[in-house]
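Here is what each chain is made of, one letter per residue.
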Amino acid sequence: MSVLIKGGRIITASDDYVGDVYAEGETISLVGESLDVQAEKVIDASGKYVLPGAIDPHTHIEMFFGGTTTCDDFTSGTVAAAFGGTTSLVDFCMQAPGTPFPEALDNYFEKIERCKPVIDVGFHIGVTDIEGGGGLEALAKLPDEGVTSYKLFMAYKGAVMVDDETLFKTMEVARETGGLVMVHAENGDAIDVIVKKAVAEGKTDPIWHARTRPMETEAEATNRAIQLARVAGCPLYVVHVSCQPAVEPIALAREKGWDVWGETCTQYFFVDQTFLERPDFEGAKYVYTPPPRAKANQDVLWNAVRTDILSAISTDHCAFLWDGQKTLGRDDFSKIPNGGPGLENRLHMIHHFGVGEGRITLNRMVELLSTNPAKLFGLYPRKGTIAPGSDADLVIFDPARKKTITAADQHSKTDYNLYEGTEVTGDVETVLIRGTVVVDDGELKVEPGFGEFVARAKFGQELRPAVARA
Ligand code: URP
Ligand code: ZN
Ligand code: ZN
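What you are looking at is a predicted structure, and each value in this text was computed from that prediction instead of being measured.

Thresholds, definitions, all that
Residues numbered from 1 in each chain as written. Chains lettered and ligands numbered in written order. Predicted model: local features only at pLDDT ≥ 70, side-chain atom pairs only at ≥ 80, totals over all residues. Heavy atoms only, no water. Pairing = 2+ DSSP bridges. Helix = DSSP H or I, 4+ residues; strand = E, 2+ residues; numbered from the N terminus. Axes fitted to C-alpha atoms, helices over the stretch in contact; angles between N-to-C directions. Near = heavy atom within 4 Å. Polar contact = N/O pair within 3.5 Å; in protein donor to acceptor, adjacent residues only side chain to side chain. Areas by Shrake-Rupley, 256 points an atom, 1.4 Å probe, with all protein chains shown as cover. Nonpolar A, V, L, I, M, F, W, Y, C, P; charged D, E, K, R; others polar. Donors = N, O, S within 2.8 Å, 3.2 Å for Na, K, Ca; no water. Tetrahedral: all angles 85-135°; square planar, octahedral: opposite > 155°, others 65-115°. Phe/Tyr/Trp six-rings, centres within 6.5 Å; stacked < 30°, edge-to-face > 60°. Buried < 20%, exposed > 50% of the residue type's maximum accessible area, 1.4 Å probe, protein only. Lys NZ or Arg CZ within 6 Å of the ring centre and 35° of its normal.

On to the sheet that holds strand β14 (residues 260–265), then. Spatially, eight strands are ordered β6-β9-β10-β11-β12-β13-β14-β15 in an open sheet, and the strand pairing comes out parallel. Of all strands in the sheet, those with a lone pairing partner are β6 (54–59) and β15 (312–314), marking the two edges. Adjacent strand axes in the sheet meet at a mean angle of 30 degrees when their direction is disregarded. Strand direction decides the pairing type here: strand β11 (residues 149–153) and strand β12 (residues 180–184), joined by five bridges, are parallel. Bridging from a neighbouring strand, Leu152 pairs with Val183 of β12.

The next subject is the site of ligand 1. In the vicinity of ligand 1 there are 13 residues, among which Tyr156, His184, Thr289, Asp316 and Asn338 approach most closely. A distance of 3.0 Å separates an oxygen atom of ligand 1 from a polar atom in the side chain of His184. A distance of 3.2 Å separates an oxygen atom of ligand 1 from a polar backbone atom of Gly339. Relative to its unbound accessible surface of 260 Å², ligand 1 loses 100% to contact with the protein. When its residues are assigned to classes, the shell around ligand 1 shows five nonpolar, seven polar and one charged.

Protein coordination of the zinc ion (ligand 3) is provided by His58 (NE2), His60 (NE2) and Asp316 (OD), with donor distances spanning 1.9 to 2.1 Å. One can describe the donor arrangement at the zinc ion (ligand 3) as tetrahedral, given that its four donor atoms subtend angles of 86 to 133 degrees at the metal. Sequence positions of the residues that donate to the zinc ion (ligand 3) give the spacing H-x1-H-x255-D. Taken as a pair, the zinc ion (ligand 3) and the zinc ion (ligand 2) lie 3.9 Å from each other. Highlighted residues: His58 in strand β6 and Asp316 in the loop between β15 and α12 (346–355), separated in sequence by 258 residues.

For the rest of this paragraph, the subject is the packing of aromatic side chains. Counting across every chain of the model gives 18 aromatic pairs. With 5.5 Å between their ring centres and 75 degrees between their planes, Phe109 and Phe123 make a pair best called edge-to-face. Highlighted residues: Phe109 in helix α2 (residues 101–114) and Phe123 in strand β10 (residues 120–126), separated in sequence by 14 residues. By relative accessible area, Phe109 is classed as partly exposed at 28%. A relative accessible area of 0% places Phe123 in the buried class. Their ring planes at 80 degrees and their centres at 5.9 Å tell us that Phe270 and Tyr419 sit as a pair that is edge-to-face. Here Tyr419 lies in the loop between β16 (394–404) and β17 (423–433) and Phe270 lies in helix α10 (residues 266–270), a separation of 149 residues in the sequence. A relative accessible area of 3% means that Tyr419 is categorised as buried. One aromatic cluster in this structure is built from Phe74, Tyr108, Phe109, Phe123 and Phe453. We note Arg278 situated over the ring of Phe275; from NZ or CZ to the ring centre the distance is 4.1 Å.

On to the pairing of β11, then. Consecutive side chains of a regular strand alternate in pointing toward one face of the sheet and then the other. Buried residues dominate β11, accounting for five of its five residues. Neither face of β11 is exposed, since Ser149, Lys151 and Phe153 on one face and Tyr150 and Leu152 on the opposite face are all buried. The sheet contact formed by β10 and β11 spans two bridges and is parallel. Paired with Gly126 across the two strands is Lys151, which belongs to β11.

Turning to unusual backbone geometry, a few remarks are in order. In the segment running from Thr289 into Pro290, the intervening peptide bond is cis, with an omega of -5 degrees. On the secondary structure map, Pro290 appears in the loop between α10 and α11 (296–306). Cis geometry is found at the peptide bond from Tyr380 to Pro381, where omega equals 0 degrees. Mapped onto the elements of the fold, Pro381 is located in the loop between α13 (362–376) and β16. The phi angle at His240 is positive, at roughly 30 degrees, despite the residue not being glycine. Mapped onto the elements, His240 comes out in the loop between β13 (236–238) and α9 (244–255). Here the phi dihedral of Arg434 falls at roughly 45 degrees; this positive angle occurs in a residue that is not glycine. Relative to the elements of secondary structure, Arg434 occurs in the loop between β17 and β18 (436–440). Its relative accessible area of 2% is what places Arg434 among the buried residues.

Structure (structure tokens):
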């Protein structure tokens, strides 16, 4: 099958021009002005943007967490992603303590077999227990299987939190194997003390989720991870950076030229701590970690993504139902499962409030949502750009179409939306993945199973189609 996308405004991290994109099979073969080619399918994109498919490097699909399991499976989660212009995601394959790493991976392959994805999917390994996983050798083998990033939680004591020994040993393995270490940076020991004290004092409302996780605990762990990565000599990626004190050590490390990157997530630009005070337990919808912060941090984050202190915007999509899952913590905020939905609306929100309101350029939006995640997580240049040889993962985006974001018409299984009622200008019209139309004008055009597992390249290496499909 060949597709010609005609007359769109083609926007990559570095280019912005009106032209055509021609794909044969799964791959882009020509890009240019007024291409003189015949195609089996022609899409008129005049007046629209043609963007590389967005890539979400941070999701938690069908993950057991907080005493329950996130409500999206790999079908519903990836359908939501596709409608939001996301064409690849990298999910956390969590190792339950005591589980060998290959078995942990098999569990996730079983999940994508049972609930098949419609977009392309990769895995990070969520390390909780090196010994139980089969030791350092087993950890070292994973990048050869296309699982090229190690995620560790410095928080959630008594659940997935690791100690510094585990973190540091993983960092040493990463240096040798070409893995990228990702950290959830919060001081879980200190937070545990503060949370227990608050609960004992009868402070049980959702707002206490934020009040018991001071920004300094995020800053301390961020700095600790940076220093340890420096000692170990591995690259480091700090996930869901939420506030100024945590931005600062990343800014300093990057200024020094260290191999440190950070992301923030859509919700930290729009949801502040006061949302947790909403009556009738509505505040529980915004219980995710790190928590929503004081509003002043939002400008800090916009500035950080604009200036490349932070290099990506993910969703941290970790969807629970409000009714039945979030309500597990009605009497005790510490029992509210931590996480919020977001896969479907990242592009809408960042386009409208980031580009539309002049905070970042279109090129920078593409870089934050697609190109940088592709480069950092071993998907580039197969994904993350529009160029001959790249997968034809493309979003035709109508910058003038208006949309009101609401849970009523979303594709995630959750029963609420963090941005409920928000009116945005700019909507996804058509999404192609590997040259096939996946979404068109509000309709899903492929069956579950269209999405493929992607074995990613090691850190700093390129993923070429020929290599990936050999
Ligand atoms: O609250 C959150 N963010 N839940 C998902 C797990 C994590 O910390 O990323
Ligand atoms: Zn986290
Ligand atoms: Zn997360």
